[in-house]
Amino acid sequence: MRKNITLLCAVLALTLSTLAEGGPLRDRLSVRDGGGQAPQPAGKQTLSYGTNTLQQLDFYPAANGDRRAPLVLFVHGGGWKRGSKETADGSWKAPHYTSLGYAYASINYRLVPDNTIEDQASDVAASLRYLIDHATQLGFDANRIVIMGHSAGAHLVALVGTDEQYLKRERLSFASIVGVLPIDGAAYDVPLQMKAGNRFMHDTYVQAFSENPARQRALSPTFQAHDPNAAAFLIIHVQREAGVAQSQELETALKQAGTPVERQGFPGAGLRGHAEINRQLGNPDYAATPVVDAWLKKRFGA
């Protein structure tokens, strides 16, 4: 009996840790069966785009040395309150996208509860402003930039791609980005997600979005997706029920606004699948990689 109780406690602890988005267990699960070792890209620079210690980014030049390369900018997940460019990026993205002749950047941003979702969306725009201002020195084409993000980062890039106020504060506009690629997000419609009653994530959503319905809607990309929006979207996801439903709803809102949007689902279930699509994107053997590659090629005209 005692042994059974001990086992039950261990299983419960495993479940809770896995459901804590961005937690270390999720990271360990996601790298198992990794499909090979990602190569290490060269030329990494760590740069500050603001005065807060979290306002930093890693920049990697295109592997072929093209100083007019397009740029892929990645925003990590972690429930808006954890994660970093070091732990929540995935080891394949930088080497893969730089090998395709693109520059690549991955950002940190200020975290909840010390800061707000609005601050985080502002950080995405501020990092973009910094990169554009330094495009000549860094060596990339400031007119060909795609922003992508996973989980909470998917929400943030979708918000910046549908609510232009964050870009405008940095003297930018939707024209500053040629595409937005949210990866397995589940907070495009915040009020709906909070009503779903996921008790494990409830406190995280309340901490991030409060219980104010007006603020929840203002921070929901689906409610902001009326015309205009960024030029084009590719929404990808695994087979999590909430992620699929939220992705479909965002797709519908963008289509109603006349915004070009594609959506594609991939194998993977639960939090394991949610982590895997991020960790393995860029791995040539992973199903989503060629789909994203084709879309980037189209957006960059390369």
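Quick notes on the rules
- Residues numbered from 1 in each chain as written.
- Predicted model: local features only at pLDDT ≥ 70, side-chain atom pairs only at ≥ 80, totals over all residues.
- Heavy atoms only, no water.
- Helix = DSSP H or I, 4+ residues; strand = E, 2+ residues; numbered from the N terminus.
- Buried < 20%, exposed > 50% of the residue type's maximum accessible area, 1.4 Å probe, protein only.
- Contact = heavy atoms within 4.5 Å.
- Areas by Shrake-Rupley, 256 points an atom, 1.4 Å probe, with all protein chains shown as cover.
- Axes fitted to C-alpha atoms, helices over the stretch in contact; angles between N-to-C directions.
- Parallel < 35°, antiparallel > 145°, perpendicular 65-115°, else oblique.
- Nonpolar A, V, L, I, M, F, W, Y, C, P; charged D, E, K, R; others polar.
- Salt bridge = Lys/Arg side-chain N within 4 Å of Asp/Glu carboxyl O.
- Core = buried A, V, L, I, M, F, W, Y, C linked by side-chain atoms within 4.5 Å.
- Pairing = 2+ DSSP bridges.
- Phe/Tyr/Trp six-rings, centres within 6.5 Å; stacked < 30°, edge-to-face > 60°.
- Lys NZ or Arg CZ within 6 Å of the ring centre and 35° of its normal.

**Q** Hey, could you run me through the overall build of the protein chain in this one?
**A** Check the secondary structure of the protein chain and you find 14 helices and 8 strands. Going through the 302 residues of the protein chain one by one, you find that 57% of them count as buried. Of the contacts formed within the protein chain by residues at least 6 apart in sequence, a portion of 78% connects residues at least 24 apart. Working note: accessible area of the protein chain is about 12800 Å², and carbon and sulfur atoms make up 53% of it.

**Q** Sorry, what's going on with the packing of helix 4 (residues 117-133) against helix 6 (residues 152-162) here?
**A** A pair of packed helices can be characterised by two numbers: the angle between their axes and the separation between those axes. The contact between helix 4 and helix 6 brings their axes to 9 Å, and the two run at 75°. It follows that helix 4 is roughly perpendicular to helix 6 by the angle criterion. Every residue of helix 6 that contacts helix 4 at Ile 117, Gln 120, Ala 121 and Val 124 is listed here: His 155, Leu 156, Leu 159 and Val 160. Tallied by class, the residues present in the contact of helix 4 with helix 6 amount to 6 nonpolar, 2 polar and no charged.

**Q** Explain helix 6 here, please?
**A** At 3.6 residues per turn, the α-helix brings residues three or four places apart onto the same side. Counting buried residues in helix 6 gives 11 out of 11 residues, a clear majority hidden from the surface. All buried positions along helix 6 are accounted for by Ala 152, Gly 153, Ala 154, His 155, Leu 156, Val 157, Ala 158, Leu 159, Val 160, Gly 161 and Thr 162.

**Q** Whenever I open this one, the pattern of salt bridges confuses me. Can you help?
**A** When the charged atoms of two side chains lie near each other, side chains of opposite charge can form a pair. Summed over the entire model, instances satisfying the criterion amount to 14 salt bridges. For Glu 86, the salt bridge goes to Lys 85, with nearest N and O atoms at 2.4 Å. Measuring nitrogen to oxygen at the nearest pair gives 2.9 Å for the salt bridge that ties Arg 144 to Asp 141. One continuous salt-bridge network, built from bridges that share partners, spans Lys 44, Asp 58, Lys 85 and Glu 86.

**Q** For this particular structure, what's the right way to read the nonpolar core?
**A** For soluble globular proteins, the rule of thumb is that nonpolar side chains tend to be buried together. Counting residues in hydrophobic clusters, the biggest one holds 60 residues, and the most contacted among them are Phe 59, Trp 80, Ile 117, Leu 131, Phe 140 and Phe 209. Counting residues per element, this core draws most heavily on helix 4, which supplies 9 residues. In this structure Trp 80 touches Leu 111, Val 112, Ile 117, Gln 120, Ala 152, His 155, Leu 156, Ala 187, Thr 204, Tyr 205, Ala 208 and Phe 209, once residues within four positions along its chain are discounted. Within the second largest apolar cluster, 25 residues are counted, among which are Val 72, Phe 74, Tyr 97 and Ile 236.

**Q** It is not clear to me how the sheet that holds strand 2 (residues 56-60) should be interpreted in this structure. Could you clarify?
**A** Within a beta sheet, neighbouring strands are joined by backbone hydrogen bonds and run either parallel or antiparallel to one another. Spatially, 8 strands are ordered 1-2-4-3-5-6-7-8 in an open sheet, and the strand pairing comes out mixed. Edge positions in the sheet fall to strand 1 (45-48) and strand 8 (261-265), since each of these pairs with one other strand and no more. On average, each strand axis in the sheet is inclined to that of its neighbour by 20°, with strand direction left out of account. Judged from the 5 bridges that link them, strand 3 (residues 71-75) and strand 4 (residues 103-107) form a sheet pairing that is parallel. When the bridges of strand 4 are listed, Leu 73 appears paired with Ala 105. This element, helix 6, spans strand 3, strand 5 (145-150), strand 6 (179-183) and strand 7 (233-237) of the sheet and lies at about 140° to strand 5. The strands that helix 13 (residues 270-280) touches are strand 3, strand 5, strand 6 and strand 7; relative to strand 5, the one it contacts most, it runs at about 150°.

**Q** Please clarify how the environment of Ala 232 should be interpreted in this entry.
**A** When you line up the elements, Ala 232 lands in the loop between helix 11 (221-224) and strand 7. Along the chain, Ala 232 and Val 178 lie 54 residues apart, while their C-alpha atoms are 6.8 Å from each other. Other than its neighbours up to four places away in sequence, Ala 232 contacts Val 178, Gly 179, Val 180, Pro 260, Trp 295 and Arg 299.

**Q** Before we go on, may I ask you to explain the packing of aromatic side chains in this structure?
**A** Any pair of aromatic rings gets described here by the distance separating the centres and the angle formed by the planes. For the coordinates displayed, the defined rule picks out 7 aromatic pairs. Ring geometry for Trp 80 against Phe 209: centres 5.0 Å apart, planes inclined by 80°, an arrangement best described as edge-to-face. Of this pair, Trp 80 sits in the loop between strand 3 and helix 3 (93-99) while Phe 209 sits in helix 9 (residues 199-209), and the two are 129 residues apart along the sequence. Members of the aromatic cluster, each reached through a chain of ring pairs, are Tyr 60, Tyr 97 and Tyr 104. Between Lys 93 and the ring centre of Phe 74, over which it is positioned, the NZ or CZ distance is 4.5 Å. Sitting over the ring of Phe 223, Arg 217 keeps its end group 3.8 Å from the ring centre.

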